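Inside the fold
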Amino acid sequence: MILVTGACGYIGSHTCIELLERGYPVLAIDNYANSSREALFRVEEITDKGVAFHQCDIRDRMLLNRIFSDYSIDGVIHFAGIKASGEYLSEPLRYFSVNVGGTVTLMQALSDAGVKHMLYSSSANMYGQAESAPVSESARLSAANPYGRSKLMAEVILADLVRADPNWSIGVLRYFNPAGAHPSGRIGEDPKDIPNNIMFYAAQVAAGELDKLTIFGDDYPTEDGTQVSDYLHVMDLARGHVDALAYLFTQGKGFTVNLGSGKGYSVLEIIRAFERVTGLPIPYEIKSRKVADTPVCIANPSLATSLFGWKAEHTLDEMCTDYWRWVTMNPNGYKE
Ligand SMILES: NC(=O)c1ccc[n+]([C@@H]2O[C@H](COP(=O)([O-])OP(=O)(O)OC[C@H]3O[C@@H](n4cnc5c(N)ncnc54)[C@H](O)[C@@H]3O)[C@@H](O)[C@H]2O)c1
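What counts, and where the lines are drawn
Residues numbered from 1 in each chain as written. Predicted model: local features only at pLDDT ≥ 70, side-chain atom pairs only at ≥ 80, totals over all residues. Heavy atoms only, no water. UniProt positions renumbered as here; feature names shortened; annotations may be inferred. Buried < 20%, exposed > 50% of the residue type's maximum accessible area, 1.4 Å probe, protein only. Helix = DSSP H or I, 4+ residues; strand = E, 2+ residues; numbered from the N terminus. Pairing = 2+ DSSP bridges. Right-handed = clockwise from strand over helix to strand, strands pointing away.

The name given to the chain in an unreviewed UniProt entry is UDP-glucose 4-epimerase, and the organism recorded there is Oxalobacter vibrioformis. Of the chain, the UniProt comment under Sequence similarities (unreviewed entry) reads exactly: "Belongs to the NAD(P)-dependent epimerase/dehydratase family." Its UniProt record gives the chain a comment under Cofactor (unreviewed entry), which states: "NAD(+)".

Attention now goes to the pairing of strand β5 (residues 117–123). Buried residues dominate β5, accounting for six of its seven residues. Relative to β5, strand β4 (residues 75–78) runs parallel, the two being bridged by three bridges. Among the inter-strand pairings, Ile77 is bridged to a residue of β5, identified as Leu119. Where β5 lies against strand β6 (residues 169–175), seven bridges are found, and the strand directions are parallel. Paired with Leu119 across the strands is Gly171, a residue of β6.

With that out of the way, let us pick up the pairing of β6. Along any regular strand the residues' side chains alternate between the sheet's two faces. Counted residue by residue, β6 has seven buried out of seven residues, so it is predominantly covered. Neither face of β6 is open: one carries Ser169, Gly171, Leu173 and Tyr175, the other Ile170, Val172 and Arg174, and all of them are buried. In this fold, β5 hands off to helix α6 (residues 146–164), which returns the chain to β6; that crossover is right-handed. One ladder, built from five bridges, connects β6 with strand β10 (residues 255–259); its direction is parallel. Note that in β10 the partner of Gly171 across the bridge is Phe255.

Structure, rendered in structure tokens:
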């Protein structure tokens, strides 16, 4: 059985589908900080399989111990964490408490239960102002904000753990920008926090919830002057987790890999793709760029391909189509 922390969230819920469809029973935990239980009900509906669930904060050691003693857990995928932009500048301690302290508490529980296989959700944020594009795992790490630093600290802690006991088998997955939704339109992104992704705001404009989209900067050294980032379909990302987990189980060796498409899309390209798939105009305004933003951030995903054969397959139009289907089928997200 695979313990999935943060299972009700955006990436966690999509990964639960992939796990169940590939025959891994799932034990899900979440404290609903940024999600709702409805996501998992829909995961069960899509897969026609049950998910064991406990409402649990990853900082609650007593409850974690009980969960580890009640179930036979073979491996853990650790998504639980907080990431809202803006908030992390005003509340850094909360970020360190959940993303660092929560990860330490979870690892202590794994250690006591003798569970050694674990995947950790890390982030391209780690690369800060990436010096080159595409960026490889060996690039210099320089997280530029408390969120990135909290993810980096957790990575460092996990590396120290492996150094102290090589029986640990830990896979660190550095995600680029997940987008899209499950093609059924039944699950997708429904955050309680303030999201920081263009797909969310483009959909809000297309749905008439916002008048226009704001683009920060059209004077970057890129082809159309707007920032270029690596986007990958959330189902490709979900598949990457299960491929990585299978590799951990068969090879027993840890790794750190980028999970990105290896393709860069500019802000204007995304707007045009959204207009194409929705048939609706997405008006936008240009504001001056935010300080210290990176012009181009694209993954070199070749290590994930060589280790476990993973490659992102979905196109930008598929990401926009699936995202839009989710938004139109669920105008209030998971709320009825
Ligand atoms: N979405 C992205 O762009 C992105 C990029 C890189 C890395 N990540 C990382 O991937 C992970 C999942 O991200 P997501 O986009 O699915 O976010 P999300 O907010 O949708 O999911 C995170 C889940 O963790 C839960 N959670 C938060 N604090 C918790 C706690 N103390 N105990 C138990 N559960 C808790 C939330 O309720 C939520 O369901 C996070 O760790 C995030 O840092 C996300």
